[in-house]
Amino acid sequence: MSLVRLVGLTILCGILALVITPANAVAPSDFNADKLVSFPSIDNLPDPNSIFDAINVQRVQNGLKPLVKSEVLSKAAQERANDMQKNNYYAHKGSNGLFFGSLLKASPFADSYACENLDLQFTIKAETYVSDWLKSNAGHRECALNAKVSSAGYAAIEVAPRAGEDMRTFIVVAIHATK
């Protein structure tokens with residue numbers, strides 16, 4: 001599906017969440033280390049670090065341990081975001097027909113519980129993404145506030161606006177997993 005059609009769906013339905021256990025997968029490049037101080041961020045895009053921090057505030061307020069930033073999961077989230085941007089779509093299934101778990105095959109998370117939250121919005125405000133996920137009844141809240149998960153990777157990307165519109169459009173990808 002094209003991003004143009006899915007933007008309308010997104011506005012009506014909100015956000016996408018997917019929970020899987022990785023299986024047959026392809027390895028992304030260079031998933032060796034897993035120590036990360038800060039997610040990569042770009043000015044004038046949603047800040048993955050602010051979104052991550054806001055999720056951790058919610059986790060602590062709900063009696064859960066805060067998540068730890070993972071380079072492996074960050075690279076997987078960025079690869080997912082880049083694929084959506086390059087191939088003009090918004091979905092849990094990648095342009096290669098595989099789900100995000102395929103990116104974790106050769107990582108320490110290969111046999112772990114993992115979940116992915118996506119959100120497509122027209123703002124860079126972190127609280128919008130967090131609020132969307134926490135208000136959702138389609139698995140997003142459960143992914144963000146799941147006691148099973150301990151690590152996370154976040155990424156944000158700008159995508160082409162809908163035909164005939166000039167609104168800036170962003171996708172945030174959050175991958176949470178148990179290590």
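Residues numbered from 1 in each chain as written. Predicted model: local features only at pLDDT ≥ 70, side-chain atom pairs only at ≥ 80, totals over all residues. Heavy atoms only, no water.

Another aspect to go through is the confidence of the model for the protein. Of the residues in the protein, 80% reach a pLDDT of 70 or more, and the chain-wide mean stands at 83. Of all secondary-structure elements in the protein, the lowest mean pLDDT belongs to helix α1 (residues 3-13), at 31, while helix α2 (residues 48-61) reaches the highest, 98. Under a pLDDT of 50 for its full length, residues 1-14 has, in the predicted model, 25 contacts with residues more than four places off or in other chains. (pLDDT = per-residue confidence, 0-100. Helix = DSSP H or I, 4+ residues; strand = E, 2+ residues; numbered from the N terminus. Contact = heavy atoms within 4.5 Å.)

On to the packing of aromatic side chains, then. What characterises a pair of aromatic rings is the spacing of the ring centres plus the angle enclosed by the ring planes. Throughout the structure, instances matching the rule amount to two aromatic pairs. Residues Phe52 and Tyr154 carry aromatic rings whose centres are separated by 5.7 Å and whose planes lie at 90° to one another, so their mutual orientation is edge-to-face. A residue pair is termed long-range when its members are at least 10 positions apart, and Phe52 in helix α2 and Tyr154 in strand β4 (residues 151-159) qualify at 102 residues. Linked through ring pairs, Phe52, Trp133 and Tyr154 together constitute an aromatic cluster. Between Lys148 and the ring centre of Tyr113, over which it is positioned, the NZ or CZ distance is 4.7 Å. (Phe/Tyr/Trp six-rings, centres within 6.5 Å; stacked < 30°, edge-to-face > 60°. Lys NZ or Arg CZ within 6 Å of the ring centre and 35° of its normal.)

Here we take up the nonpolar core. Among the nonpolar cores identified, the biggest contains 23 residues, and Ile51, Phe52, Ile55, Leu67, Trp133, Tyr154 and Val172 are the most heavily contacted of them. Of all the secondary structure elements, the ones that give two or more residues to this core are α2, α4 (126-135), α5 (140-144), β4 and β5 (169-177). Tyr89, Phe100, Leu104 and Ile175 belong to the second largest nonpolar core, which has 22 residues in total. (Core = buried A, V, L, I, M, F, W, Y, C linked by side-chain atoms within 4.5 Å. Buried < 20%, exposed > 50% of the residue type's maximum accessible area, 1.4 Å probe, protein only.)

Another point: the state of the cysteines. One pass over the full model with this rule turns up one disulfide. The disulfide partner of Cys115 is Cys143, and the S-S distance across this bridge is 2.2 Å. Of note, the bridge from Cys115 to Cys143 carries an S-S torsion of about 90° and is right-handed in sense. Of this pair, Cys115 sits in strand β3 (residues 114-121) while Cys143 is found in helix α5, placing the two residues 28 residues apart along the sequence. (Disulfide = S-S within 2.5 Å.)

This paragraph deals with the packing of α2 against α4. The interhelical angle for the contact between α2 and α4, taken along N-to-C directions, is 45°, at an axis separation of 9 Å. Comparing the axis directions of α2 and α4 gives the class oblique. Our pair here, α2 against α4, has a crossing hand that is right-handed. Judged by residue contacts, Ser50, Ile51, Ala54, Ile55 and Gln58 of α2 engage Ala126, Tyr129, Val130, Trp133 and Leu134 from α4. (Axes fitted to C-alpha atoms, helices over the stretch in contact; angles between N-to-C directions. Parallel < 35°, antiparallel > 145°, perpendicular 65-115°, else oblique. Left-handed = near helix turned anticlockwise from the far one by under 90°.)

Looking now at the pattern of salt bridges. Under the criterion given, the structure shown has three salt bridges. One salt bridge connects Glu116 with Arg80, and the closest N-O pair in it is separated by 2.7 Å. Here the residue Glu116 occupies a position in strand β3, and Arg80 occupies one in helix α3 (residues 71-87), the gap between them amounting to 36 residues. Judged on exposure class, the residue Glu116 and its partner Arg80 are both buried. (Salt bridge = Lys/Arg side-chain N within 4 Å of Asp/Glu carboxyl O.)

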